[in-house]
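Each chain, letter by letter, is given below.
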Amino acid sequence: MTKQLHTFVKVFCLAMAGFVCFQASGSGLNSYSAGTHEVHSTRGASVAVLLQERVVSGKVSDDNGDALPGANVVVKGTALGATTDVNGDYRLQLPADAQTLVVSYIGYNSKEVSIGNQTRIDISLTPDLETLDEVVVVGYGVQRKSDLTGAVTSVKGTDLAQLPMQRVDQALQGRAAGVMVLNTSGQPGGQTTIRIRGMNSISGGNQPLVVVDGLQGVDINTLNPNDIESIEILKDASATAIYGSQGANGVILISTRQGKKGKPVVNYTFNQSYQKLARKLDLMDAAGFVSAINDFRATQDLDVTPTPIFDASEVAHWNTHKGTDWQEEIYRTAPMTSHQLSLSGATDNVNYMVSGGYLDQEGILINSEFQRFSLRTNANVKVTDHVSFGLNWAGIKEKGNSPPFGEGVGIIDPTGQVVSVAVRYSPTIPVYVEFGNYCRHPNIFGVPALWNPVASGLEPFVENNAMINNLNAFLEFKIIDGLTLRFTGGAITRNTNNFRYLNRNTRPGFQQNGSGVSTADTYVRYQNSNILTYTKQFDQKHSLTLTGVAEQQVQLSKGSSITGNNFLVDQSGIFDLGGAQSLIATSYQTKRAINSFLGRVNYSFADKYLLTATYRADGSSVFGANNKWGYFPSTSVAWRVSEENFMKDLGSFFTELKIRAGWGVTGNQAIAPYASLAQVASHPDYRYPYYGLSTTNIGFDITRAANANLKWETTTQTDLGLDFAILNGRLTGSFDYYKKTTDDLLLSRQLPTYTGFRSIVDNVGSTENKGIEIQLEGDPFVGDFKWKTGFNISFNRSKVLRLSNNSRLPFRTTSGAGYGITDLMYLREGEPFGQMVGWISQGTWSTDEADEAAAYGQLPGDIKYFDLNDDGSINAQDLTTIGNAMPDFIYGWNNSFSYKNFELIVLIQGVQGNDLFNIGRIRQERPGEGMSTALLNRWTPDNQDTDVPAFTKQSVRAAAGLTSRINVGDSRVSRWVEDASYLRVKNVTLAYNLPRALTERVGLNRVRVYGTGTNLFTVTDYTGYDPEVSSFNNNDAMIGIDFASYPTSRTVTFGLDLTF
Amino acid sequence: MSNNMKKINNILKVGLAAVIMSLASCQDLTEEPIGFVGPDNFYTTIDQGEAALASSMNHLWAYWGGYSYGHWDFMHDDQLVDGDLVITPTFASSIWDRHYRALKNINGVIRAVSNGSVQNANPSDVAGLLAQARFLRAYNYFMLVRLYGDLPLITEETPNPVTDPITSRTPYEEVYDLIVSDLLYASNVDNMPLT
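Residues numbered from 1 in each chain as written. Chains lettered and ligands numbered in written order. Predicted model: local features only at pLDDT ≥ 70, side-chain atom pairs only at ≥ 80, totals over all residues. Heavy atoms only, no water.

Focus on the overall build of chain A
So, point 1. A count of helices and strands for chain A gives 16 helices and 49 strands.
So, point 2. For chain A, the C-alpha atoms occupy an extent of roughly 105 × 70 × 70 Å along the three principal directions.
So, point 3. For chain A, the proportion of contacts with a sequence separation of at least 24, taken over those separated by at least 6, is 70%.
So, point 4. For chain A, the computed accessible surface area is about 43,600 Å², with 56% contributed by carbon and sulfur atoms.
So, point 5. For chain A, the centre of its 89 positive side-chain charges and the centre of its 101 negative side-chain charges are spaced 6 Å apart. (Helix = DSSP H or I, 4+ residues; strand = E, 2+ residues; numbered from the N terminus. Contact = heavy atoms within 4.5 Å. Areas by Shrake-Rupley, 256 points an atom, 1.4 Å probe, with all protein chains shown as cover. Lys, Arg positive; Asp, Glu negative; His and termini not counted. Charge placed at Lys NZ, Arg CZ, Asp CG, Glu CD.)

Considering the overall build of chain B
So, point 1. Along the backbone of chain B there are seven helices and zero strands.
So, point 2. Every one of the 195 residues in chain B was classed for burial, and the buried ones make up 43%.
So, point 3. By sequence separation, contacts in chain B at least 24 residues apart represent 66% of the contacts at least 6 residues apart. (Buried < 20%, exposed > 50% of the residue type's maximum accessible area, 1.4 Å probe, protein only.)

Topic: empty space enclosed by the protein
To find leftover empty space, a probe the size of one water molecule is rolled over the atoms.
Residues and elements named next belong to chain A.
So, point 1. This structure, assessed with the given rule, holds 11 cavities of 30 Å³ or more.
So, point 2. Its boundaries defined by the atoms lining it, the largest cavity holds a volume of some 240 Å³.
So, point 3. Along the wall of the largest cavity there are 27 residues; nearest its centre are Met180, Val181, Leu182, Ile890 and Val911.
So, point 4. Of all the elements in the fold, those that place two or more residues in the lining of the largest cavity are β11 (179-183), β42 (889-899), β43 (902-912) and β44 (915-918).
So, point 5. The leading source of residues in the lining of the largest cavity is β11, at four residues.
So, point 6. Looking at the second largest cavity, its volume works out to about 190 Å³.
So, point 7. Mapped by element, the contributors of at least two residues to the lining of the second largest cavity are β35 (785-802) and β42.
So, point 8. It is β35 that provides the largest number of residues to the lining of the second largest cavity, a total of five residues.
So, point 9. When grouped by side-chain class, the residues that make up the lining of the second largest cavity number eight nonpolar, five polar and four charged. (1 Å grid on protein atoms, 1.4 Å probe; cavity = no way out; pocket = protein on both sides within 12 Å on 5 of 7 lines; lining within 4 Å. Points joined across faces, edges and corners; volume = space filled by probe spheres on them. Nonpolar A, V, L, I, M, F, W, Y, C, P; charged D, E, K, R; others polar.)

Looking at the pattern of salt bridges
Residues and elements named next belong to chain A.
So, point 1. For the structure shown, the criterion picks out 56 salt bridges over all chains.
So, point 2. A salt bridge links Lys76 to Glu112; the shortest N-O distance between them is 3.3 Å. Highlighted residues: Lys76 in the loop between β2 (72-75) and β3 (81-83) and Glu112 in strand β6 (residues 111-114), separated in sequence by 36 residues.
So, point 3. A residue is classified by how much of its surface remains accessible, and Lys76, at 47% relative accessible area, is partly exposed.
So, point 4. A salt bridge links Lys711 to Asp744; the shortest N-O distance between them is 3.5 Å. Here Lys711, found in the loop between β31 (700-704) and β32 (713-726), pairs with Asp744, found in strand β33 (residues 731-750); they are 33 residues apart in sequence, far enough to count as distant. (Salt bridge = Lys/Arg side-chain N within 4 Å of Asp/Glu carboxyl O.)

Remarks on the pairing of strand β27 (residues 609-620) of chain A
All names here are of chain A.
So, point 1. When strand β26 (residues 580-605) meets β27, the two strands line up antiparallel, connected through 12 bridges. Bridging from a neighbouring strand, Leu598 pairs with Arg616 of β27.
So, point 2. Hairpin connection from β26 to β27: three residues lie between these consecutive antiparallel strands, with Ala606 at a positive phi of about 55 degrees.
So, point 3. Pairing of β27 with strand β28 (residues 629-640) involves 11 bridges; the strand directions are antiparallel. (Pairing = 2+ DSSP bridges.)

Concerning helix α6 (residues 123-148) of chain B
An α-helix turns once every 3.6 residues. As a result, residues three or four positions apart point the same way.
So, point 1. The terminal C-alpha atoms of α6 of chain B, which comprises 26 residues, lie 37 Å apart, in line with the 38 Å expected from a rise of 1.5 Å per residue.
So, point 2. Looking one or two places after α6 of chain B, you find Gly149 of chain B, whose phi comes out positive at around 75 degrees. (Expected span 1.5 Å × (residues − 1).)

Some thoughts on the sheet that holds strand β48 (residues 1041-1042) of chain A
Residues and elements named next belong to chain A.
So, point 1. The strand order β45-β44-β48 describes an open sheet built from three strands, whose pairing is mixed. This sheet does not close on itself; its edge strands, each paired only once, are β45 (977-979) and β48.
So, point 2. The pairing of β44 with β48 spans two bridges and is parallel. Paired with Phe917 across the two strands is Ile1041, which belongs to β48.

Some remarks on the nonpolar core
Residue and element names in this part refer to chain A.
So, point 1. Core analysis: the biggest nonpolar cluster contains 71 residues, and Leu827 and Phe917 have the highest contact counts within it.
So, point 2. Within the residue set of this core, elements represented by two or more residues are β11, α8 (326-330), α9 (418-422), α10 (453-458), β33, β36 (808-811), β37 (825-828) and β40 (863-865).
So, point 3. Residue contributions to this core peak at four residues, all from α9.
So, point 4. Once residues within four sequence positions are removed from consideration, Leu827 is found in contact with Ile202, Val800, Leu803, Ser807, Arg808, Leu809, Phe811, Phe833, Gly834 and Ala1037. (Core = buried A, V, L, I, M, F, W, Y, C linked by side-chain atoms within 4.5 Å.)

Examining the environment of Tyr69 of chain B
So, point 1. On the secondary structure map, Tyr69 of chain B appears in helix α3 (residues 66-69).
So, point 2. For the pair Tyr69 of chain B and Glu50 of chain B, spaced 19 residues apart in sequence, the C-alpha separation works out to 25 Å.

A word on the side chain of Ser230 of chain A
Residue and element names in this part refer to chain A.
So, point 1. Residue position: Ser230 is located in strand β15 (residues 228-234).
So, point 2. Judged by relative accessible area, which is 14%, Ser230 ranks as buried.
So, point 3. A distance of 3.5 Å separates polar atoms of two side chains, one belonging to Ser230 and the other to Glu232.
So, point 4. Excluding residues that lie within four positions of it along the chain, Ser230 makes contacts with Val155, Gly157, Leu253, Ile254 and Ser255. (Polar contact = N/O pair within 3.5 Å; in protein donor to acceptor, adjacent residues only side chain to side chain.)

Description of the sheet that holds strand β13 (residues 209-212) of chain A
Residues and elements named next belong to chain A.
So, point 1. Reading across the sheet, the five strands line up as β10-β15-β16-β13-β14 and stay open at both edges, with mixed pairing between neighbours. Pairing within the sheet leaves two strands with one partner each, and these edge strands are β10 (152-156) and β14 (215-216).
So, point 2. The pairing of β13 with β14 spans two bridges and is antiparallel. Considered in β14, the bridge of Val211 is made with Gln216.

Some words on unusual backbone geometry
So, point 1. Phi at Ala606 of chain A takes a positive value of approximately 55 degrees, unusual for a residue other than glycine.
So, point 2. The topology assignment puts Ala606 of chain A in the loop between β26 and β27.
So, point 3. Notably, Tyr43 of chain B is not glycine yet its phi reads approximately 60 degrees, a positive angle.
So, point 4. One can find Tyr43 of chain B in the loop between α1 (3-23) and α2 (46-61).

Some details on the packing of aromatic side chains
Two numbers describe a pair of aromatic rings. These are the distance of the centres and the angle of the planes.
So, point 1. In the structure shown here, the tally under the stated rule is 37 aromatic pairs over all chains.
So, point 2. Taken together, a centroid distance of 5.9 Å and an interplanar angle of 75 degrees make the contact between Tyr331 of chain A and Tyr1025 of chain A edge-to-face. Here Tyr331 of chain A is found in the loop between α8 and β18 (334-346), whereas its partner Tyr1025 of chain A is found in the loop between β47 (1006-1020) and β48, with 694 residues between them in sequence.
So, point 3. On the basis of an interplanar angle of 70 degrees and a centroid distance of 6.5 Å, the ring pair of Phe142 of chain B and Tyr176 of chain B is categorised as edge-to-face. Placement of the pair is Phe142 of chain B in helix α6 and Tyr176 of chain B in helix α7 (residues 172-187), with a sequence separation of 34 residues.
So, point 4. Ring-pair connections join several aromatic residues into one group, and the members of that group are Phe781, Phe785, Trp787 and Phe897 of chain A.
So, point 5. A cation sits over an aromatic face here: Lys104 of chain B above Phe757 of chain A, 4.4 Å from the ring centre.
So, point 6. A cation over an aromatic ring shows up here: Arg134 of chain B above the ring of Tyr185 of chain B, its NZ or CZ 4.6 Å from the ring centre. (Phe/Tyr/Trp six-rings, centres within 6.5 Å; stacked < 30°, edge-to-face > 60°. Lys NZ or Arg CZ within 6 Å of the ring centre and 35° of its normal.)

Some details on the confidence of the model for chain A
So, point 1. Confidence in the prediction for chain A averages 87 pLDDT; 93% of positions are at 70 or higher.
So, point 2. At the level of individual helices and strands, chain A shows its lowest average pLDDT in helix α2 (residues 43-51) of chain A, which scores 41, and its highest in β45 of chain A, which scores 96. (pLDDT = per-residue confidence, 0-100.)

Quick look at the packing of α6 of chain B against α7 of chain B
Residues and elements named next belong to chain B.
So, point 1. Put simply, α6 and α7 touch, their axes get as near as 8 Å, and they point 150 degrees apart. Classified by the angle between their axes, α6 and α7 sit roughly antiparallel to one another. Considering the relative orientation of α6 and α7, their crossing is left-handed. The residues of α7 that touch α6, namely those facing Ala127, Leu130, Ala131, Arg134, Phe135, Arg137, Ala138, Tyr141, Phe142, Val145 and Arg146, are Tyr172, Val175, Tyr176, Leu178, Ile179, Ser181, Asp182, Leu183, Tyr185 and Ala186.
So, point 2. When grouped by side-chain class, the residues that make up the contact of α6 with α7 number 16 nonpolar, one polar and four charged. (Axes fitted to C-alpha atoms, helices over the stretch in contact; angles between N-to-C directions. Parallel < 35°, antiparallel > 145°, perpendicular 65-115°, else oblique. Left-handed = near helix turned anticlockwise from the far one by under 90°.)

What about the environment of Asp177 of chain B?
Residue and element names in this part refer to chain B.
So, point 1. Within the secondary structure layout, Asp177 lies in helix α7.
So, point 2. Its relative accessible area of 52% is what places Asp177 among the exposed residues.
So, point 3. Separated by 39 residues in the primary sequence, Asp177 and Ala138 have C-alpha atoms spaced 9.9 Å apart.

Here it is in structure tokens:
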């Protein structure tokens, strides 16, 4: 198979080469005859500057008279130049012999103006209708935007630069249709879930491929947002199929900044932020809690007279004392500082950009911090007219820590968690007792096992270190006119070294006599892509670009982990593992190799009819022996209706009108390395005799069967789109409809047990996603007062078509002690992703319904469950869908207003129609322990319209003599399902650009001061910390559960941006 | 340089580029287990073979499976506990399941060791390992055949049942034939392990 491909590629390349030669000889073009380029000397010019002071200034505007900020004004024949400021003004010192200015701006025709004796030259540029659109980056190349035939959304770096941001994923939220960004936790340096056009895969991951300057597989959060020039999001298969078996989840292409011609530019940005918990949960104070506990205690009156837990003097005390507010104790106002410095510039042959960034962030949760140092050097050198090379290097050092939060796994059980326990820990308990010891929970009420949340937050020692290098280099030859060969080599290295120690003041440390873990992991990814591109225009009307690529990639992972328990010495903790009396060590090593060959044809006829066809063959080591190579074709066409004469006859209403259609196949290499191979493994459980009790007879079991057929998950996508620009480009927009079917999903398939195995991972499942995306951009106001606005909205509908042996698969099969959640989330054939299954509660029984309630053995004030099958009892037969985590639609609305030197940016973003299961409420609203103010709204004869059940006396219940017909096994009840739709003012920035005249006195080109509010306010009915949350992210089938995540913060930032 | 020369020059360059492209060295896509072992590179020492046999024995005990609890269905015959005579598809499956998981490991040992996977060892030790394995196989089938009668009979020579499913049970007589031949092999004095 490999051989055939080799042959195929050789033939393809030679055919291409032959074609090129034919063209070259046929047209008689000679690439070397164009060697009349001038070599400019800048030295003479700068000497002249010293000798003679001569200044020219003016304004660059478009044909409407609107300023063009960022336009280049260069003295012809020199590297001397200036960039216009936000008002379109420039100012330039001229050498004596300067005669002509060259003014250029992307998307406009360049203009040459002779200087003469003028000192003020205002220049107006006309839009270049041919290249009205900028050039956009596509996989393995660039294309004019007007030539695109696929669904691609661009986010410009200039839009991002206006907002202070520490993470690139934040930059994407609300800006691009079809892109869902879910900030799953507020932890500094935490992870984000990005989904492009829904979720295809059940077990293989749905995170899009991130490609930075051609380097694949970069972690988007390690990028410094200030280094970004542009982001392109490839959504449909005709755009992503060129990434083959890594393209199914969409591709995010990021280009980093390059130096631009003109004077070297030094930019410094400083941000100082303060973060605060965006919303506090509404809990009772000590007085309320004490009375709720006593009220509940009074119901425990079966055959006894209950004594109150808090006696009269304590009640009196707490009526005048507020008690501990545990949320205040564990959350804080946290500062964040960032510095950014960059230097960039270019001469005729060299361009460079060097940047450094430093971020120091405290988290709003005590004992959480994050620091990042980042350095980047981008340099490109044109050696001769035919040879150039470049090197991009980014080095990142990260260090972070946070106390463990979330559900609690392993030894860190739910009672020792900081976030979930803080809202369950009684306000009557002080933080500390005498000698500075943490106060423990008393035994007489609530859940005594709960651990002091301040101890759980402050005491863990956590240090997560990461060193990341992203490196890529290229060497490019222009072989003959139009034919380019580019060799690229790149590497991503990531070393992580994490330490954690839980001392005896933490619950797990207390139980284990100190517990620590130290892990060290190394990940290396190498990539070599060799790209041959040929561009040719012939007979004026035909334009052709051919791309051929041979690529290889290797990923290596290695690591080890040591867990120690039972430490004699708490002080040295994890850094003296020798002091641990019990050690468990593990280590691993994996490798993944990919060989790829791909080609693309772009053809356009008369700029009206466009065709793109791509084909990629991917061979991967992780595929089973019988399926080593996967093939991924795509094709798409577009018709630029606006270029037709009949449209031009209609006048100039449409500046652009394009209809697109595309189809393609992409894959997801969801397979873990070696998953196709059989495995023999040891485990303490395999020892003989009796399950690990023996230390001598180690057992090795064949734990996994080989599956030589194992292959990628296949997504087939069709896209129909329309792009338009009207009113001279003042209103542009795109509509897209897509339908994706994903087959061969990796799931566990049951095996007959005579094989000795229960199941095998196989390509069996199938899902579908379809949707509509609308993106609009416009300039409602131009002139002195400007308003630019962009709106996008996307609708996605998912459906599970086929699972393996079972027509439904449960997820979230267990949840931490005491919350009673089993099999909450389901995937079921014929139903969408994100289904929640449980019992429907319809509030509480009223006194008028006493008879009906009695039929179920219930009293007024008890929860009224919905009897799905109407059989007079509530049991497993009444389980049904109680919510869905997938939104009906997501949207974003960006606005940028400017007037003179002021700018106002407002970004609004939202999600509509999704549900969240709020697990925390199960205990926060539990009678006899919960502190939620919801308990104050509990059912009483005077307050019957509530879903909070009554505190019914046991004696009353016994007197009624009813037999309960409610057999609700756990807490999967619709009472905890909440509408999580929200609309959020994500970002408001007010900026002021200091007048040029002022800044120039201190030698500055541009000074911008600004203030920003992030997450300023959120409109939602959701009662948890934040509706944008997902606590369990290892599988998309579990999105939609909120449980003890690190809460989101509201941030205020002040910033200063200086350009020299 | 004449025009022709330049043309030839161009052709050479393009050809060179094409050659470089196609020669771009390829990664070997054959996956070899690193960091773990598979049936193809395990069973290379007597100890490894015995470790596989140890796990086979553990399966017969295994908590909630095997004989510690899995024989429960046979003992009460659905009369003692539920008494409703609703026999679910998984009823009494646990013992079956555990014996076949044991047999998977035993056949793994027999297959590999018969093919000479154990090198540089005393031939009598190798024979002893095989004898142990064949005794255990006989034992497992003996338990199975008395409970279930005709069985899917899997030996070291059976094609991989994961990829080639077994479509019919082997008559119990043939199962007994295998048991007898395994026991005879194991009881041969020359094959008996010394301890």
